[in-house]
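# Observations on the model geometry
Here are the chains, one letter per residue:
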Amino acid sequence: MKFIENVKKEEYQNFTVNHKKSHFLQTYEWGCFCKKIKKQIPIYLGVVDDDDKLIATALILLKKTPFGFSYGYSPRGFILDYTDKELIRFFTESIKTYMKKNKIIYIKFDPDIPYHDIDEFANPVKDGNNNYDLYNYMLDLGYKHTGFYKLYEGNQPRYTFRIDLKKSWEEIESKMSKSFLKSVKRSLVYDFEIDNEKSIDEFYRLVQFNSSKDNFDAHNLNYYKVFTEELEKENLVKFFNISIRPKNLIIKFTKEVEDLKEDLEKNKKRAADINNQINKLQKDISILEKLSGDKVVICSLICTYTKNRAWSMFIGSDDVANLTFAVARCYYEAIKDAYNNKYDFFDLFGTPGDPNTKYKNLAKLHDFKRKFGDKYIEFIGEFDLVNNNLLYKLLPIMLKVYRKLRR
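Residues numbered from 1 in each chain as written. Predicted model: local features only at pLDDT ≥ 70, side-chain atom pairs only at ≥ 80, totals over all residues. Heavy atoms only, no water.

## Some points on the overall build of the protein chain
Note the following rule: Secondary structure elements follow DSSP: runs of H or I no shorter than four residues count as helices, runs of E no shorter than two count as strands, and numbering proceeds from the N terminus. For every residue, the accessible area (1.4 Å probe, protein chains only) is compared with the maximum for its type, and the residue is labelled buried under 20%, exposed over 50%, or partly exposed between those bounds. Contact between two residues is taken to exist if any of their heavy atoms lie within 4.5 Å; hydrogens are not considered. Exposure was quantified through the Shrake-Rupley algorithm and a 1.4 Å probe, taking into account, for residues, occlusion by the shown protein chains and nothing else.
A tally of regular secondary structure across the protein chain gives 14 helices and 15 strands. Overall, the protein chain is about 85 × 50 × 45 Å in size when its C-alpha atoms are taken along their principal axes. In the protein chain, which comprises 407 residues, the proportion classed as buried is 50%. Look at the contacts in the protein chain between residues 6 or more apart in sequence, and 75% of them connect residues 24 or more apart. With an accessible surface of roughly 20800 Å², the protein chain has 49% of that area assigned to carbon and sulfur atoms.

Shown next, in the form of structure tokens:
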């Protein structure tokens, strides 16, 4: 085996995208994105076998310190066969040498590897599958595990929901909650128009609405623009936009109200049910009348991909989307699209590891995502490979002082 310090772009892309452990956070394009937006320096390391064929890669994002050193992060870890311990050992030892030569204090890794099977309450499943052996092997190689955090304390979520798309669509739907499928069915009455236009401005408008309503800080417009520009170079990003035509719906619902009122005169026994339907339609009409424009985008979801995997990343929606069940429909269409395109799975990219967390927004997020069904996953967590123990301990303090001085 031979360590490669700078894997060529085309070789890196071909290996990473086609590998069964591929992850969009380890793509060449993600490195370019981080360089432009986060000012991180991407380096593309690898290992070749005796025939000079790549058998392992890793994107390392370096951040310079004001003291001539740097520290790194490898999002979702190495792309390699995690059952090959000798390969992991060789890559690790080679990276240690590289770190010493280049004054890198430490590199953080968080592999896309489950820690163990968990139930719906995030408790370990008795006699379930686990990767304890790999966890212990990483410690034996000198990695420091940073803890089994439950929420979003790390660089990436340590828990997620992942839908296996290698099954039949009927089987996939059978694992979705009845309430989720009911929302999807209810959305049909609103005659949605669904497209895949990369409408950054419309998406950003909706994200800003969410952030002001739910009290979280969204990224700026340039973040989403560069994200799309970099990932679309290799078709690694796709938008799912849902639009309605308010005027058409007002005409449609007004006619339905008139028909229901006529029906009310003939069916007094169903008066309560019919009046509920009328009230719902009239409420919809009053909201639709406040919208301007012939066609209005009410929900926009951005998904990312490798050759065989799919992730949902960002979503923006407004109050009309909630009224019309557009958010549920948007996810449903994205999952169905990934299934039709024969991806291995659709990952919802993050959920709490504590379903009963005191943080209401996170609990609500978890409750929504679990309705999509299938597997609740706990990843193995973050490992730090440390080159300079003293600076590793001092770095958080040094960065805090430096940032304070800059401000």
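## A few points about the environment of Val320
Mapped onto the elements, Val320 comes out in helix 11 (residues 319-324). The spacing of Val320 and Asp344 is 24 residues in sequence and 33 Å in space, taken between C-alpha atoms.

## A word on the pattern of salt bridges
Which entries qualify depends on this criterion: Counted as salt bridges are all cases of a side-chain nitrogen of Lys or Arg within 4 Å of a carboxyl oxygen of Asp or Glu.
Taken as a whole and judged by the stated rule, the model has 31 salt bridges. The salt bridge involving Lys21 is made with Asp112; its shortest N-O contact spans 3.8 Å. With a gap of 91 residues between them, Lys21 in the loop between helix 1 (9-18) and helix 2 (28-37) and Asp112 in the loop between strand 5 (104-109) and strand 6 (114-117) connect regions that are remote in the sequence. Between Lys198 and Glu232 there is a salt bridge; the shortest N-O distance is 3.9 Å. Highlighted residues: Lys198 in the loop between strand 9 (193-195) and helix 7 (200-214) and Glu232 in the loop between helix 8 (221-231) and strand 10 (237-244), separated in sequence by 34 residues. Salt bridges here are not isolated pairs; linked through shared partners, they connect Lys21, Asp112, Arg162, Arg309 and Asp347.

## A word on the sheet that holds strand 9
Going by this rule: Two strands pair under a simple rule: DSSP has to find at least two bridges between them. Axis lines are fitted to C-alpha atoms, over the contacting stretch for helices. Their N-to-C directions set the angle, which ranges from 0 to 180 degrees.
The eight strands lie next to each other as 6-14-8-13-12-11-10-9, forming an open sheet whose pairing is mixed. Where the open sheet ends on each side, the last strands, each with one partner, are strand 6 and strand 9. Pairs of neighbouring strands in the sheet enclose a mean axial angle of 30°, with direction left out of account. Two strands pair when backbone bridges link them, and strand 9 and strand 10 are joined in this way by three bridges, in the antiparallel orientation.

## A few points about the pairing of strand 3 (residues 54-64)
Burial analysis of strand 3 places eight of its 11 residues in the buried class, which makes it a mostly covered element. Relative to strand 3, strand 2 (residues 41-48) runs antiparallel, the two being bridged by eight bridges. Its bridge partner lying in strand 3, Ile43 is registered against Ile60. Adjacent in sequence and paired antiparallel, strand 2 and strand 3 are bridged by five residues, among which Asp52 carries a positive phi angle near 60°. The hairpin turn running from strand 3 into strand 4 (residues 70-74), its antiparallel successor, is five residues long, and Gly68 in that turn takes a positive phi close to 85°.

## What about the nonpolar core?
Cut-off, in case you're wondering: Working definition of a nonpolar core: buried Ala, Val, Leu, Ile, Met, Phe, Trp, Tyr and Cys residues. They are joined through side-chain atoms within 4.5 Å.
Core analysis: the largest hydrophobic core is formed by 50 residues, its most contacted members being Leu165, Ile298, Cys299, Ile335 and Phe346. Non-local contacts of Ile298, meaning those with residues more than four positions away in its chain, are made with Phe192, Leu206, Ile242, Ile244, Gly316, Ser317, Asp318, Val320, Ala321, Thr324 and Ala326. Counting residues in hydrophobic clusters, the runner-up holds 33 residues, among them Ile200, Tyr224, Val237 and Phe239.

## Structural notes on the state of the cysteines
For the record, the criterion: Here, two cysteine sulfur atoms that lie within 2.5 Å of each other are counted as a disulfide.
Enumeration according to the criterion identifies zero disulfides in this entry. The cysteine Cys299 is free of any disulfide, with Cys330 supplying the nearest cysteine sulfur at 3.9 Å. By relative accessible area, which is 0% here, Cys299 ends up buried.

## Quick look at the packing of aromatic side chains
The geometry of an aromatic ring pair is captured by the separation of the ring centres together with the interplanar angle, meaning the angle of the planes. We count it as follows: Two aromatic rings from Phe, Tyr or Trp, using only the six-membered ring of Trp, form a pair when their centres are within 6.5 Å; if the ring planes differ by under 30 degrees the pair is stacked, by over 60 it is edge-to-face, and anything between is tilted.
For the coordinates displayed, the defined rule picks out 42 aromatic pairs. Taken together, a centroid distance of 5.7 Å and an interplanar angle of 55° make the contact between Phe24 and Phe349 tilted. Pair noted here: Phe24 is in the loop between helix 1 and helix 2 and Phe349 is in the loop between strand 13 (345-347) and helix 13 (360-370), with a separation of 325 residues, a long-range link. An identical accessibility class is assigned to Phe24 and Phe349; each is buried.

## Regarding a nonpolar patch on the surface
Note the following rule: Patch members must show over 30% relative accessible area and no salt bridge, and they are joined within 9 Å when carrying like charges or within 5 Å when they are nonpolar side chains of Val, Leu, Ile, Met, Phe, Trp or Tyr.
A surface patch of nonpolar side chains, amounting to about 370 Å² of accessible area, comprises Leu390, Leu394, Ile397 and Val401. Summarising the element assignment, Ile397 is placed in helix 14 (residues 389-406).

## Examining the side chain of Glu382
Basically, it comes down to this: Between N or O atoms, a polar contact is any pair within 3.5 Å; within protein, one atom must be a potential hydrogen donor and the other a potential acceptor, and residues adjacent in sequence are included only when both atoms are from side chains.
Examined against the element boundaries, Glu382 turns out to sit in the loop between strand 14 (375-379) and strand 15 (383-386). At a separation of 2.7 Å, a polar atom in the side chain of Glu382 contacts the main-chain amide nitrogen of Asn155. Each residue touching Glu382, except ones within four places of it in the same chain, is listed here: Lys108, Phe109, Asp110, Lys144, His145, Thr146, Tyr149, Gly154, Asn155 and Gln156.

## Considering a negative patch on the surface
Here is the rule we go by: Counting rule applied: Lys, Arg positive; Asp, Glu negative; His and chain ends not counted. Taken as the charge location is NZ of Lys, CZ of Arg, CG of Asp or CD of Glu.
On the surface, Glu10, Glu11, Asp50, Asp51 and Asp52 cluster together into a negatively charged patch. For Asp50, the position within the fold is in the loop between strand 2 and strand 3.

## Re the sheet that holds strand 3
Strand order in the open sheet made by the seven strands is 1-2-3-4-5-15-7, with mixed pairing throughout. Unpaired on one side and paired on the other, strand 1 (2-4) and strand 7 (143-145) mark the two borders of the sheet. Recorded for the sheet is a direction-independent mean angle of 25° between the axes of neighbouring strands. Across three bridges, strand 7 lies against strand 15 in antiparallel orientation. Of the residues in strand 15, the one forming a bridge with Tyr143 is Leu385. With respect to the sheet, helix 1 is in contact with strand 2 and strand 3, its orientation differing from that of strand 3 by roughly 110°.

## Describing the packing of helix 6 (residues 178-187) against helix 12 (residues 326-340)
Let me state the cut-off plainly: Oblique is the label for any angle not under 35 degrees, not over 145, and not in the 65 to 115 range, which are roughly parallel, roughly antiparallel and roughly perpendicular in turn.
Helix 12 packs onto helix 6 with a crossing angle of 100° between their chain directions and a minimal axis gap of 8 Å. The orientation of helix 6 relative to helix 12 falls into the category roughly perpendicular. Contacts between helix 6 and helix 12 involve Phe180, Leu181, Ser183, Val184 and Ser187 from the first element and Ala328, Arg329 and Tyr332 from the second.

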